[in-house]
Amino acid sequence: MPPRPLRLLVVAGARPNFMKVAPLIHAIQRHNARQSVVSGPSSSVVGPPSSVVGPLSSVVGPPSSDNSGLSSVVPPPIAYRLVHTGQHYDEKMSEVFFRELGIPAPDVNLEVGSGSHAVQTANIMLKFEPVLLNAFQDAPSDSAFQNVSVSAFDSPSSVVSGPSSDATSLSACQNVSVSAFASPSSVVSGPSSVLRPPSSVVSDPSSDTTSLSAFQHFSFSAFEKKSSLPDWLVVVGDVNSTMACTLVAAKLGIKVAHVEAGLRSFDRTMPEEINRLVTDSLADLLLTPSSDADENLRREGVPDHKIKCVGNIMIDSLVTNLPKARASTILQQLDLQPQNFVYVTLHRPSNVDHRESLEVIVKELENLAARLPVVLPIHPRTRKMLHDFGLSWSGVPGLKVVEPIGYHDSLCLTENARLVLTDSGGLQEESTYFRTPCLTLRPNTERPITVSAGSNRLATLSRLGTDLDHILSQPGRLGSIPPLWDGHTARRILEALCPKAG
Ligand code: UD1
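Here the structure is a predicted model, which is why all the values come from computation and not from measurement. (Residues numbered from 1 in each chain as written. Predicted model: local features only at pLDDT ≥ 70, side-chain atom pairs only at ≥ 80, totals over all residues. Heavy atoms only, no water.)

## Observations concerning the site of the ligand
Turning to step 1, where the next piece is worked out: Lining the immediate environment of the ligand, one finds 20 residues, of which Gln87, His88, Glu272, His379 and Arg381 sit closest.
Turning to step 2, where the next piece is worked out: The contact in question runs from an oxygen atom of the ligand to an N or O atom on the side chain of His88, over 2.8 Å.
Turning to step 3, where the next piece is worked out: Taking Tyr89, its main chain carries an N or O atom lying 2.9 Å from an oxygen atom of the ligand.
Turning to step 4, where the next piece is worked out: Compared with its free state, where it exposes 740 Å², the ligand has 88% of that area covered by protein.
Turning to step 5, where the next piece is worked out: In a pocket analysis with a 2 Å cut-off to the grid points, the ligand is assigned to the largest pocket. (Near = heavy atom within 4 Å. Polar contact = N/O pair within 3.5 Å; in protein donor to acceptor, adjacent residues only side chain to side chain. Areas by Shrake-Rupley, 256 points an atom, 1.4 Å probe, with all protein chains shown as cover. 1 Å grid on protein atoms, 1.4 Å probe; cavity = no way out; pocket = protein on both sides within 12 Å on 5 of 7 lines; lining within 4 Å. Sits in = over half its atoms within 2 Å of the grid points.)

As structure tokens, then:
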């Protein structure tokens, strides 16, 4: 009998999430493809990723035997579902990233859209709960598998111990008891009024994505049909979707793995800081990008066995996409010369949601553009606030305000800029990788390693001119690449979720 696949439910919601889930999904696909080779030529796991949840006989061949009585040392295949919350929904804020990063269409799009933090968070929670409960409703029942499953309620320590221990690997991946779905009785009693037969599931004929309503029809039956639950909810980053989905899973006793855990700006006026604190305090496995994040978590009392430093997953996407980024024609399109322009992105509420600060930003960017060409792909929040405050650009020739750009163009600008000026977390990291000087227009950063090891510096608007003088007097490349920002983070994440995978 084959081992039961490890079931991962992966969530993405907003632009910076997409480059974090792409490497993970590709690593899962590689893991399954490798597994099919190990398991024998007859098995097939390649193809539409969701199809790996189909009949397990088509996922793995006969398990290998050893004398331990555990008939398989091959890690189980990994079945996953991808949920897009729809926090970002535009072609330019979402779809272009799915295309460029090769992310398969999400299995479900919650289509929550924009709203206040409370509205957006609540909408995500409401719509995500039934999807979570039925994520694997079409998977074969656990009795079809050898030694049952990875436990949804298993101690995380057995999972994060690392790939070096075979005993750990086996217990984590193949030989765990049925406790997976020995849910607390209080959890099992879902409201009976929502029990509907799974046969009411219908696909939305207009898209690849199964509509949310299809999942709502039979939501709480998951508690009875326990194999519909994932082993792990995997969330990334620090957006509202990350926190909202974590809350739902934690309350249902489903384990949460947080990718990019442990980052702290120590500034609770940032919505993302609240999201990070809540997510990390509930997550069972904290997958960190750097040692400063480990320290933050330890300081907050998180036990060591929950923390695993896996490196920076953004860099996996960067490394994979570098050839395409280098083929981008954005420099020609915008008439920019390498090493002779400033790449600006600004969208944080602290910078753009107040008239006074946005007015100063407009003025300072125009001053900057008089010295060096400036390119500003404008975030929808920034555009909206400019409109609401009645602010506009005065038409300085060197200032190129353009629509939001795709991932490859953005990497190309970051690699070739003389300076990046940003309030984005991702750009601080990408410029660190390229060693491009970066000024972060914020009083703090949750990514201090980009300052201590990399090319990043915190900046204020009033000092921009002086900072630019300073940077122009320095070499074009600064800093170094932090440890484990090497393009292999997704593999380490799979190893942490299921030792021997990757
Ligand atoms: C969100 C994240 C932030 C991340 C940023 C990247 C939170 C709290 N914030 O902020 O951490 O750095 O995404 O972009 O989760 N809009 C569109 N099209 C879209 C999405 C948004 O036009 O596809 C507009 C709407 O007018 C919306 C505004 O942009 O009100 C802001 O979007 P929202 O998702 O609320 O927050 P972001 O500022 O994008």
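Here the narrative resumes.
## A short note on empty space enclosed by the protein
Turning to step 1, where the next piece is worked out: Scanning the model with the defined rule gives 2 cavities of 30 Å³ or more in all.
Turning to step 2, where the next piece is worked out: Volume-wise, the largest cavity comes out at about 50 Å³.
Turning to step 3, where the next piece is worked out: Those elements that provide at least two residues to the lining of the largest cavity are α14 (355-369) and α15 (380-388).
Turning to step 4, where the next piece is worked out: For the lining of the largest cavity, the element with the highest residue contribution is α14, accounting for 4 residues.
Turning to step 5, where the next piece is worked out: When its residues are assigned to classes, the lining of the largest cavity shows 9 nonpolar, 1 polar and no charged. (Points joined across faces, edges and corners; volume = space filled by probe spheres on them. Helix = DSSP H or I, 4+ residues; strand = E, 2+ residues; numbered from the N terminus. Nonpolar A, V, L, I, M, F, W, Y, C, P; charged D, E, K, R; others polar.)

## Some thoughts on the sheet that holds strand β9 (residues 374-377)
Turning to step 1, where the next piece is worked out: Strand order across the open sheet formed by 6 strands is β10-β9-β8-β11-β12-β13, with parallel pairing between neighbours. Both outer strands of the open sheet, β10 (399-402) and β13 (456-458), are each paired with one neighbouring strand and no more. Going from strand to strand, the sheet's axes swing by 20 degrees on average, the running direction of each strand aside.
Turning to step 2, where the next piece is worked out: As paired strands, strand β11 (residues 419-422) and strand β12 (residues 438-440) are joined by 3 bridges and run parallel to one another. Within β12, the position partnered with Val420 by the bridge is Cys438.
Turning to step 3, where the next piece is worked out: Sheet contacts for α14: β8 (342-345), β9, β10 and β11; angle to β9, the most-contacted strand, approximately 140 degrees. (Pairing = 2+ DSSP bridges. Axes fitted to C-alpha atoms, helices over the stretch in contact; angles between N-to-C directions. Contact = heavy atoms within 4.5 Å.)

## As for the layout of surface pockets
Turning to step 1, where the next piece is worked out: In this structure, the largest pocket spans a volume of roughly 1,100 Å³.
Turning to step 2, where the next piece is worked out: Contributions of two or more residues to the lining of the largest pocket are made by α1 (15-39), α2 (91-101), α3 (117-133), α9 (271-282), β8, α15, α16 (407-416) and α17 (425-434).
Turning to step 3, where the next piece is worked out: Its residues assigned to classes, the lining of the largest pocket comprises 19 nonpolar, 17 polar and 12 charged.

## Quick notes on the packing of helix α11 (residues 313-326) against α16
Turning to step 1, where the next piece is worked out: Contact geometry of α11 with α16 gives a least axis separation of 9 Å together with a crossing angle of 90 degrees. The orientation of α11 with respect to α16, classified from their angle, is roughly perpendicular. In contact with Met314, Ser317, Leu318, Asn321, Leu322, Lys324, Ala325 and Arg326 of α11, α16 contributes Tyr407, His408, Leu411, Cys412 and Glu415.
Turning to step 2, where the next piece is worked out: The class makeup of the residues in the contact of α11 with α16 is 7 nonpolar, 3 polar and 3 charged. (Parallel < 35°, antiparallel > 145°, perpendicular 65-115°, else oblique.)

## Some remarks on the packing of helix α8 (residues 240-251) against α9
Turning to step 1, where the next piece is worked out: Relative to each other, α8 and α9 sit at 25 degrees, their axes nearing to 9 Å. Judged by the angle between their axes, α8 and α9 are roughly parallel. With respect to the hand of their crossing, α8 and α9 are arranged in left-handed fashion. Across the interface between the two elements, Asn240, Thr242, Met243, Thr246, Leu247 and Ala250 from α8 touch Ile274, Asn275, Val278, Thr279 and Leu282 from α9.
Turning to step 2, where the next piece is worked out: Among the residues forming the contact of α8 with α9, the class breakdown is 6 nonpolar, 5 polar and no charged. (Left-handed = near helix turned anticlockwise from the far one by under 90°.)

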